[in-house]
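Observations on the three-dimensional arrangement
If you want the building blocks of each chain, they are given just below.
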Amino acid sequence: LTLAVVLPRHNLTYPWAWPRVGPAVRLAAAAVNSRRDLLPGFTLGWVFGSSEDRHGVCSEMAAPLVAVDLRLAHQPAAFLGPGCVYSAAPVARFTSHWQLPLVTAGAEAHGFDDKSEEFGLTTRAGPSHRKLGELGVQLHRRFNWTRRALLVYWDERVDDRPYYFAAEGLYVQLPTLRNLSVMDVVFRDGGNFSFIIQEIKAKGR
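Residues numbered from 1 in each chain as written. Predicted model: local features only at pLDDT ≥ 70, side-chain atom pairs only at ≥ 80, totals over all residues. Heavy atoms only, no water.

**Here we look at the overall build of the chain**
Helix and strand counts for the chain come out as 6 helices and 7 strands. Listing every helix and strand of the chain by position from the N terminus yields β-α-β-α-β-α-β-β-α-β-α-β-α. In terms of principal-axis extent, the alpha carbons of the chain reach across some 65 × 35 × 30 Å. Per-residue burial for the chain yields a buried fraction of 41% across its 205 residues. Here the analysis covers contacts within the chain between residues at least 6 apart in sequence; of these, 60% occur between residues at least 24 apart. As presented, the chain carries roughly 11,800 Å² of accessible surface, and 57% of it is formed by carbon and sulfur atoms. (Helix = DSSP H or I, 4+ residues; strand = E, 2+ residues; numbered from the N terminus. Buried < 20%, exposed > 50% of the residue type's maximum accessible area, 1.4 Å probe, protein only. Contact = heavy atoms within 4.5 Å. Areas by Shrake-Rupley, 256 points an atom, 1.4 Å probe, with all protein chains shown as cover.)

**As for the pairing of strand β6 (residues 148–154)**
Only one face of β6 is buried, namely the one carrying Ala149, Leu151 and Tyr153, since none of Arg148, Leu150, Val152 and Trp154 on the opposite face is buried. In this sheet, strand β7 (residues 181–187) lies alongside β6 in parallel orientation, the contact comprising 7 bridges. Within the sheet, the bridge partner assigned to Tyr153 lies in β7 and is Val186. (Pairing = 2+ DSSP bridges.)

**Describing the domain arrangement of the chain**
When the parts of a complex come together, some accessible area is lost, and that lost area is often used as the size of the interface. With domains assigned, the chain is organised as domain 1 (2–124) and domain 2 (129–204). For domain 1 versus domain 2, the distance between C-alpha centres works out to 31 Å. Taken together, the contact between domain 1 and domain 2 spans 10 residues of the former and 10 residues of the latter. Taking both sides of the interface into account, the surface hidden between domain 1 and domain 2 amounts to around 910 Å²; carbon and sulfur atoms contribute 54%. By the criterion of area lost to domain 2, the three top residues of domain 1 are Tyr86, Glu108 and His110, representing 59% of everything that side buries. In this structure, the connection of domain 1 to domain 2 is made through 1 salt bridge. A salt bridge links Asp113 to Arg130; its shortest N-O distance comes to 3.1 Å. Remark: the boundary between domain 1 and domain 2 carries 5 residue pairs in polar contact (both at pLDDT 80 or more). (Domains from an automatic or database assignment. Buried area = accessible area lost by both parts, 1.4 Å probe. Salt bridge = Lys/Arg side-chain N within 4 Å of Asp/Glu carboxyl O. Polar contact = N/O pair within 3.5 Å; in protein donor to acceptor, adjacent residues only side chain to side chain.)

**As for the packing of aromatic side chains**
Enumeration according to the criterion identifies 9 aromatic pairs in this entry. Measuring from ring centre to ring centre gives 5.5 Å for Tyr86 and Phe165, while their planes differ by 65°; the resulting arrangement is edge-to-face. With Tyr86 in helix α3 (residues 85–97) and Phe165 in helix α5 (residues 162–173), this pair connects stretches of sequence that are 79 residues apart. Judged by its relative accessible area of 30%, Tyr86 falls in the partly exposed class. A residue is classified by how much of its surface remains accessible, and Phe165, at 9% relative accessible area, is buried. Lying across the ring of Phe143, Arg142 places its NZ or CZ 5.4 Å from the centre. (Phe/Tyr/Trp six-rings, centres within 6.5 Å; stacked < 30°, edge-to-face > 60°. Lys NZ or Arg CZ within 6 Å of the ring centre and 35° of its normal.)

**Focus: unusual backbone geometry**
Following Gly81, the chain continues to Pro82 via a peptide bond in cis, the omega torsion being 0°. Its place among the elements puts Pro82 in the loop between β3 (78–80) and α3. For Gln75, which is not a glycine, the phi torsion comes out positive at approximately 50°. Tracing the chain through its elements places Gln75 in the loop between α2 (62–74) and β3. The partly exposed category is assigned to Gln75, whose relative accessible area is 48%.

**What about the nonpolar core?**
If you look at the biggest cluster of nonpolar residues, it comprises 21 residues, and the most contacted ones within it are Val6, Leu70, Phe79 and Phe112. Within the residue set of this core, elements represented by two or more residues are β1 (2–7), α2 and α3. In terms of residue count, α3 provides more of this core than any other element does, 5 residues in total. With near-sequence residues (within four places) excluded, Phe112 lies in contact with Val85, Ala88, Ala89, Ala107, Phe119, Thr122 and Arg124. (Core = buried A, V, L, I, M, F, W, Y, C linked by side-chain atoms within 4.5 Å.)

**Overview of the pattern of salt bridges**
The full count for this structure, using the stated rule, is 6 salt bridges. Its salt-bridge partner being Arg124, residue Asp113 comes within 2.2 Å of it at the nearest N-O pair. Separated by 11 residues along the polypeptide, Asp113 in the loop between β4 (102–104) and β5 (122–124) and Arg124 in strand β5 bring together distant segments of the chain. The class of Arg124 is buried, set by a relative accessible area of 17%. The network of salt bridges with shared partners includes Asp113, Arg124, Arg130, Lys131 and Glu134.

Okay, here's the thing in structure tokens:
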């Protein structure tokens, strides 16, 4: 049995980068193979492909191409990764089409909660932003915040947009509270902070 691993090869800014995850994959494969009762008649192995582009960041183009190459060359039984949202989404669509499970520590975005079709075989081992949204709902109920919520977040629209997707979990879940208005204010590096403060004053009350 072959496990296809699609993760960033070098970039340690990602918690699921190969230098961090690789030792665990090796240990897990060795542990499984040392117990003949787990997969009798099979040996677990793995193949690796990088989800990084030439700049060393997660790529929504590189990851699915690598996944297709690994699928054609090795016929894996399952995929591990990618973790980045924009890399994981197309790979998860492919693995769903191939009827292969995909396990990831990332893919936190709210859209991965949809298990009806394209992400039906995707399992997230890490946190999800839907859970963050549910926490926000509970906090609003606990403190009786019933009128409005203002989400202020940084978004450069590059790489994996972690703050945007974190805010999305809140933005989607908070409206489940009746009569609660949810608004957002986006700021960027070098933005007009005086304007942002005025927006908070106007929209946050």
